[in-house]
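Listed here are the chains, written in short residue letters.
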Amino acid sequence: MQRSRAREDVSDSLARVAALVLLVSTGAVPLRALAQDAGVEVPTSVEEERADFDVASSDEELPSFGATARVERAREDDDGRASTTVTRDEIDERLSRSAPEALRWIPGVSVQQTTHGQASPYVRGVTGQQVLIAFDGIRLNNGTYRQGPNQYFFTVDLATLDRIEVQRGSASTRWGADALGGVVLAMPSEPTLDPRREGFSIRGRAIGRVGTQALDALGNARPLDQQLVAGLDASGRLELDAQLGRDVAVLIGGSYRGAEPLQASGTLFSPLNGQPALVPLIEPLDGRTQRGTGFRYGAFDARLVARIGPELRLIGAVYGFRQYDTPRADLCPPPIGFERDCTIFTEQFRTLGYVALRGSAGPELREVDVTVSYQRQHEVRELREPSLFATNQFRDDLDTVGLAARLGSRRYAIGNEAGFRVRGGGDLAIDVVRSSAYLIDSLIGTTRELSRGLYADHGRFYTGGLFVELDVDLLRFLRVRSGGRVAFAGVRAPADLASGTQRVEADHEAIVGRVGLELRATDELSLILDVDQGLRTPNLDDLTSRQIIGPGFQFENPALAPERSVTYELGARLRVPRLIDGEGALSMDAWIYAMEIDGAMTRAPRGIADCPTAAPECRNAFARFQLVNVSGLSWVLGAELALRLALPLGFGLSTTFAYAWGEGPTPLLSPPPGQERVPLSRVMPVNGNVELRWAHEDTRLVIGAAMRWAGAQDRLAISDQSDARIPLGGTPAYAAFDLRAGWRFERPPGEPSLQMSLVVENVFDQVYRVHGSGINGAGRGVILQLEGSI
């Protein structure tokens, strides 16, 4: 009861702060007039503003030391929270295969892969609907995002990205619904817009990449032609960067990737009984090929940027992704069923188009970001059962219209040491889903439409809100951050009598808030305390979906309520620009956190009698689940460390460490004694990585080595215990080593250049699996990338 009252007190306090900030910042009086009435000295020029109020960061720029040894100065808009950015240089040096895979070097992030052509980031122990993913500030989360891992971040073409930022911890005040565990922000590359250029200029870029695991496949029992293409993964991209006069530029590109089935180092065994993991099926002829892991995709993009003011840009962009024939490895074949049965995503498409106005609109309005977007997610999955001459086909199309506006004032100085800044805005996203299902009988050649698909057809989901943030510098060494959001969401879904689907009509409103302090103890060291709230409302998947998931079959619960979170975190940020005789640099971020989730949506076991009508997949499943709001608080506690050290002679060292522990009320109605609280599902074990790098400035040669490691995870939720992706008894510990090399031949801008990157992956051929994944990690192999520009 004391813990419950404490939580209510914190929530009430945050709600009051949010409401107060909203009232103060809604524009009842002009901001300049309000500041002047309060005796605030208002700067009259941007230069004066920057000179008088740059109290958040050091006056000295920290030097850059390459991909893994870069020491960056904390950005002024980093929100005083745990955040990490993966840059384009780091992506190219590590030769990450996909956008999710690029995140596996970030502390507090684990990348789960049900199959080779899909991946889902876990942030501080949560994923799916509890982590917000955005592309260029546009939310990718929609009304059909699942409760567990999903494949949608894989549909972001890594070749189009300039960087990916991960903000860890609850963040619904700024970003809205679904940001319980964190936010993943993917930022695309921009075309070159150089105001010094006149007329027309164009630059082309070509990238080719090939990965192979053929060396370890040679000599096995498979035919020679199959040995030579073992683990072959080939991709390429062509890109044109054109500038049309001084104020218009365009970037156009296209990518393709084709991957043969992924080779593992061998079979993973249960730590409990020594038996092989149930999935995936390892081909017996070579003991390495993981069945159901091949795929192919193509992607296209076009981005136009026009300068319409000194610091204001108009952007028009379209991005498309077309993925074909991607089996789900844990269901191809399933652990229980015929060997030729296979669930396969025959089509996984995403198309995004938007127009945005961004930049600065004058001395008062220093930040402008207004975006109107349209997005379509198209998916066709098939459950193929050749032995029964049957195929169940599910077709889903989800259309999303979005509007977002974020504005920020200039900084207003109060005397010589204090000042404030206000940000605010609003967002709205509306989803409409078309969902259908068909039974195809290949024996007699008929196709029959079923009464419903995975979701209620013509279901609608909307989410949005209004937010405001106030940053106040009380002294040169103390900053207070606060904010609030009024959030709203709702679902409309029709009934279907034939399948027993209930009508759903629900609306939700809430206020969330945030308070934070940043104390600059020295020029190099900052101490940060932050409390932020998260909110997730039930969506179409929670309230209407029926589908096969990893642990079994999950069906809808129309009575679900929202889940809320509060993250309490304490951090230290150290930036030392010079270490030894003016050379070298040090960067360190250390965080401890506690995230509580109230009313967490958790999978509860169900019996055959609980199955909806007209749902034979439910009755035939080996396990059945339904989402419920557990009564009481769930907790995720953890710590994170990121250290980067740049040394003389071109050497650099980077290391991370992360630990998370999750526990919540059991979803069982009558739990056994002593099991009233149980582990949360698929929380990452203790893990980290180490990267060592040497770079020669004159020759542009880079050589490095890296290790990723994780401890064993045997704290399993109830749904984990029936999940074939997790070996009996938990996931074993592992350590995987890589070797890297790179060389860059650079010429003056506008002249040809060449870049080569090489990675020898999993040098010691370690058999391993990231906790919760449906496939083993890649076995020993070589990845080579060539990039040329003219």
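About the criteria used
Residues numbered from 1 in each chain as written. Predicted model: local features only at pLDDT ≥ 70, side-chain atom pairs only at ≥ 80, totals over all residues. Heavy atoms only, no water. Helix = DSSP H or I, 4+ residues; strand = E, 2+ residues; numbered from the N terminus. Contact = heavy atoms within 4.5 Å. Areas by Shrake-Rupley, 256 points an atom, 1.4 Å probe, with all protein chains shown as cover. Buried < 20%, exposed > 50% of the residue type's maximum accessible area, 1.4 Å probe, protein only. Pairing = 2+ DSSP bridges. Disulfide = S-S within 2.5 Å. pLDDT = per-residue confidence, 0-100. Salt bridge = Lys/Arg side-chain N within 4 Å of Asp/Glu carboxyl O.

Trainee: So what exactly am I meant to see when it comes to the overall build of the protein chain here?
Mentor: Looking only at helices and strands, the protein chain has nine helices and 36 strands in total. The contacts of the protein chain with a sequence gap of at least 6 include a subset with a gap of at least 24, amounting to 70%. For the protein chain, the exposed surface amounts to about 31,500 Å²; the carbon and sulfur share of it is 60%.

Trainee: How should the pairing of strand β2 (residues 109-112) be read in this particular structure?
Mentor: Within a regular strand, the side chains alternate between the two sheet faces. With burial as the criterion, each face of β2 is covered, one bearing Val109 and Val111 and the other bearing Ser110 and Gln112. Strand direction decides the pairing type here: β2 and strand β3 (residues 120-123), joined by four bridges, are antiparallel. Across the sheet, Ser110 pairs through a bridge with Tyr122, a residue of β3.

Trainee: Explain the sheet that holds strand β27 (residues 601-606) to me, please; I cannot follow it from the model alone.
Mentor: Note: strands within a sheet are paired through backbone hydrogen bonds, in either parallel or antiparallel orientation. With mixed pairing, the four strands of this open sheet are ordered in space as β23-β24-β28-β27. Each of the sheet's edge strands pairs with one partner strand only, and the pair in question is β23 (547-548) and β27. The pairing of β23 with strand β24 (residues 553-555) spans two bridges and is classified as antiparallel. Bridging from a neighbouring strand, Ile548 pairs with Phe553 of β24.

Trainee: Help me understand the state of the cysteines, please; the structure alone is not making it clear to me.
Mentor: Covalently bonding the sulfur atom of one cysteine to the sulfur atom of another cysteine gives a disulfide. Counted according to the given criterion, the structure contains two disulfides. At a sulfur-sulfur separation of 2.0 Å, the disulfide partner of Cys332 is Cys342. Judged by the sign of its S-S torsion, about -95 degrees, the bond between Cys332 and Cys342 is left-handed. With Cys332 in the loop between β12 (312-327) and β13 (342-359) and Cys342 in strand β13, this pair connects stretches of sequence that are 10 residues apart. For Cys332, a relative accessible area of 8% translates into the label buried. Each disulfide pairs two cysteine sulfurs, and for Cys611 the partner residue is Cys618, the sulfurs being separated by 2.0 Å.

Trainee: When you look at the confidence of the model for the protein chain in this model, what are you seeing that I'm missing?
Mentor: For any part of a model where pLDDT is low, the fine detail of the predicted coordinates should not be relied upon. Looking at the protein chain, pLDDT values average 89 and 89% of them are 70 or higher. Predicted confidence for residues 1-11 stays below pLDDT 50, and this span has seven contacts to residues more than four positions away or in other chains. Contacts from residues 13-77, a stretch scored under 50 in pLDDT, to residues over four places away or in other chains number 143 contacts.

Trainee: It is not clear to me how the pattern of salt bridges should be interpreted in this structure. Could you clarify?
Mentor: The full count for this structure, using the stated rule, is 64 salt bridges. Among the salt bridges present, the one from Arg168 reaches Glu640, with a minimum N-O distance of 2.8 Å. With Arg168 in strand β6 (residues 161-168) and Glu640 in strand β29 (residues 633-646), the pair connects residues that are 472 residues apart, well separated along the chain. Classification of Arg168 by relative accessible area gives buried; the value is 2%.

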